[in-house]
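# Inside the fold
Each chain, written out:
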Amino acid sequence: GEDVEQSLFLSVREGDSSVINCTYTDSSSTYLYWYKQEPGAGLQLLTYIFSNMDMKQDQRLTVLLNKKDKHLSLRIADTQTGDSAIYFCAASETSYDKVIFGPGTSLSVIP
Amino acid sequence: DGGITQSPKYLFRKEGQNVTLSCEQNLNHDAMYWYRQDPGQGLRLIYYSQIVNDFQKGDIAEGYSVSREKKESFPLTVTSAQKNPTAFYLCASSNRRDPYEQYFGPGTRLTVT
């Protein structure tokens, strides 16, 4: 089945760009998602990309998808202390009951 | 405001006791899910339900049970058969159309001693 991998930790300075990487195994994944989890809270969808797209930009967020390498990245421009959280990559086929989440990347922003 | 509520936020139980976690949504979503979150392991699917009166086992259903008698509600019971019940439990819901965004509740932290 689908497996989603991420590095567990990332530390950046305030104002720098953050890049969080993710790899997945199932080439039939149709949607790829980025969720954010603040301490002690549930997850919130940040953005998603459909598999026929290479890039999606939404304000400070840029998602890049390399289907050939099954690699997804999330770039956060001008990272702020409020961006400190755990970021989850997730993948799904064309089905709402088959979303597979990665282990999450804990982003620490140093003032 | 629409959303998902989970209660309580923190729950403490003695080993050997069953405990039920509440999850309610007013988003009119058909599908609901229960996940377990442990540090460094991401989210693991316990049970999900696509429609009222129907539910399916996820990847780690052993020791858990659910019911879906109403569209709005999907309670999870952690039974005494669950070997390591201490965890953070997250409930989510989604509609049944693209892009299948899941909306999450705030979670319940269960501690069993």
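All values reported here derive from a predicted model rather than from experimental measurement. (Residues numbered from 1 in each chain as written. Chains lettered and ligands numbered in written order. Predicted model: local features only at pLDDT ≥ 70, side-chain atom pairs only at ≥ 80, totals over all residues. Heavy atoms only, no water.)

## Describing the overall build of chain A
Heads up, the condition is: Secondary structure is summarised from DSSP: a helix means a run of H or I of at least four residues, a strand means a run of E of at least two, and numbering begins at the N terminus for each. Each radius of gyration is computed over the set of C-alpha atoms, and the globule rule expresses the reference value as 2.2 Å times the number of residues to the power 0.38. Summary of the burial criterion: residues with accessible area below 20% of their type's maximum are buried, those above 50% are exposed, and those between are partly exposed, where the area comes from a 1.4 Å probe applied to protein chains only. We call two residues in contact whenever any of their non-hydrogen atoms come within 4.5 Å of each other. Methods summary: accessible areas were calculated by the Shrake-Rupley approach with a probe of 1.4 Å, and residue burial reflects only the protein chains presented. Just so you know, the count uses Lys and Arg for positive and Asp and Glu for negative, and it drops His and the chain ends. Here the site of a charge means atom NZ of a Lys, CZ of an Arg, CG of an Asp or CD of a Glu.
Scanning chain A from N- to C-terminus turns up 0 helices and 11 strands. What you see in chain A, going N to C, is helices and strands ordered as β-β-β-β-β-β-β-β-β-β-β. A compact globule built from 111 residues would reach a C-alpha radius of gyration of about 13 Å, and chain A, at 13 Å, matches this within 12%. The buried share of chain A, reckoned over its 111 residues, is 47%. Here the contacts in chain A between residues at least 6 apart in sequence split such that 55% fall between residues at least 24 apart. Entry remark: accessible area of chain A is about 5,300 Å², with carbon and sulfur atoms responsible for 49%. Each charge class in chain A can be summarised by its mean position, and for the 9 positive and 14 negative side chains these summaries are 3 Å apart.

## Topic: the state of the cysteines
Rules: Any pair of cysteine sulfurs within 2.5 Å is marked as a disulfide.
In total, this model carries 2 disulfides over all chains according to the counting rule given. One disulfide bridge connects C22(A) with C89(A), the sulfur atoms lying 2.0 Å from each other. Taking the torsion about the S-S bond as the criterion, the C22(A) to C89(A) disulfide, at about -65°, is left-handed. Of this pair, C22(A) sits in strand 3 (residues 18-24) while C89(A) is found in strand 9 (residues 85-92), placing the two residues 67 residues apart along the sequence. Residue classification places C22(A) among the buried residues on the basis of a relative accessible area of 1%. Across a sulfur-sulfur distance of 1.8 Å, C23(B) and C91(B) are joined as a disulfide pair. Looking along the S-S bond of the C23(B)-C91(B) disulfide, the torsion reads about -75°, which is the left-handed sense. Of this pair, C23(B) sits in strand 3 (residues 19-25) while C91(B) sits in strand 9 (residues 87-94), and the two are 68 residues apart along the sequence. Judged by relative accessible area, which is 1%, C23(B) ranks as buried. Here C91(B) falls in the buried class, since its relative accessible area comes to 0%.

## Describing the environment of Q17(B)
Residue and element names in this part refer to chain B. Relative to the elements of secondary structure, Q17 occurs in the loop between strand 2 (10-13) and strand 3. Taking the C-alpha atoms as reference points, Q17 and S80, separated by 63 residues in sequence, lie 5.6 Å from one another. Setting aside anything within four residues of it in sequence, one finds Q17 in contact with V78 and S80.

## Considerations on the packing of aromatic side chains
Two measures describe an aromatic ring pair: the distance that separates the ring centres and the angle between the ring planes. Residues and elements named next belong to chain A. The condition that has to hold: We call Phe, Tyr and Trp rings a pair once their centres come within 6.5 Å, taking the six-membered ring for Trp, and we label the pair stacked below 30 degrees between planes, edge-to-face above 60, and tilted otherwise.
According to the stated counting rule, one finds 12 aromatic pairs over all chains in the structure shown. Each ring, one from Y33 and one from Y35, has its centre 6.1 Å from the other, and the planes form 40°; the classification is tilted. The two residues Y33 and Y35 agree in class, both being buried. Taken together, a centroid distance of 5.5 Å and an interplanar angle of 55° make the contact between Y35 and F101 tilted. Taken together, the positions of Y35 in strand 4 (residues 31-37) and F101 in strand 10 (residues 99-101) put the pair 66 residues apart, joining distant regions of the chain. The exposure class assigned to Y35 is buried, which follows from its relative accessible area of 0%.

## Comments concerning the pattern of salt bridges
When the charged atoms of two side chains with opposite charge come close together, those side chains can pair. The cut-off we apply is this: Salt bridges are defined by distance alone: a side-chain nitrogen of Lys or Arg within 4 Å of a carboxyl oxygen of Asp or Glu.
Counted by the stated rule, this structure contains 6 salt bridges over all chains. The partner of D69(A) in a salt bridge is K68(A), and the shortest N-O contact between them spans 3.6 Å. Overall, K68(A) belongs to the exposed group, its relative accessible area being 73%. Here R36(B) makes a salt bridge to D38(B), at a shortest N to O gap of 2.7 Å. Connected via shared salt-bridge partners are R36(B), D38(B) and R44(B).

## A look at the sheet that holds strand 6 (residues 55-58) of chain A
Residue and element names in this part refer to chain A. Selection criterion: Strand pairing is defined by DSSP finding a minimum of two bridges between the two strands. Interaxial angle, 0 to 180 degrees, is taken between N-to-C directions of lines fitted to C-alpha atoms, where a helix line uses only the stretch in contact.
Spatially, 1-3-8-7-6 is the arrangement adopted by the 5 strands of the open sheet, whose pairing is antiparallel. Bordering the open sheet on either side are strand 1 (4-6) and strand 6, each of which pairs with just one other strand. The average undirected angle you get between the axes of adjacent strands in this sheet is 15°. As judged from the 6 bridges shared by strand 7 (residues 61-66) and strand 8 (residues 71-76), these two strands associate in the antiparallel manner. Among the inter-strand pairings, T62 is bridged to a residue of strand 8, identified as R75.

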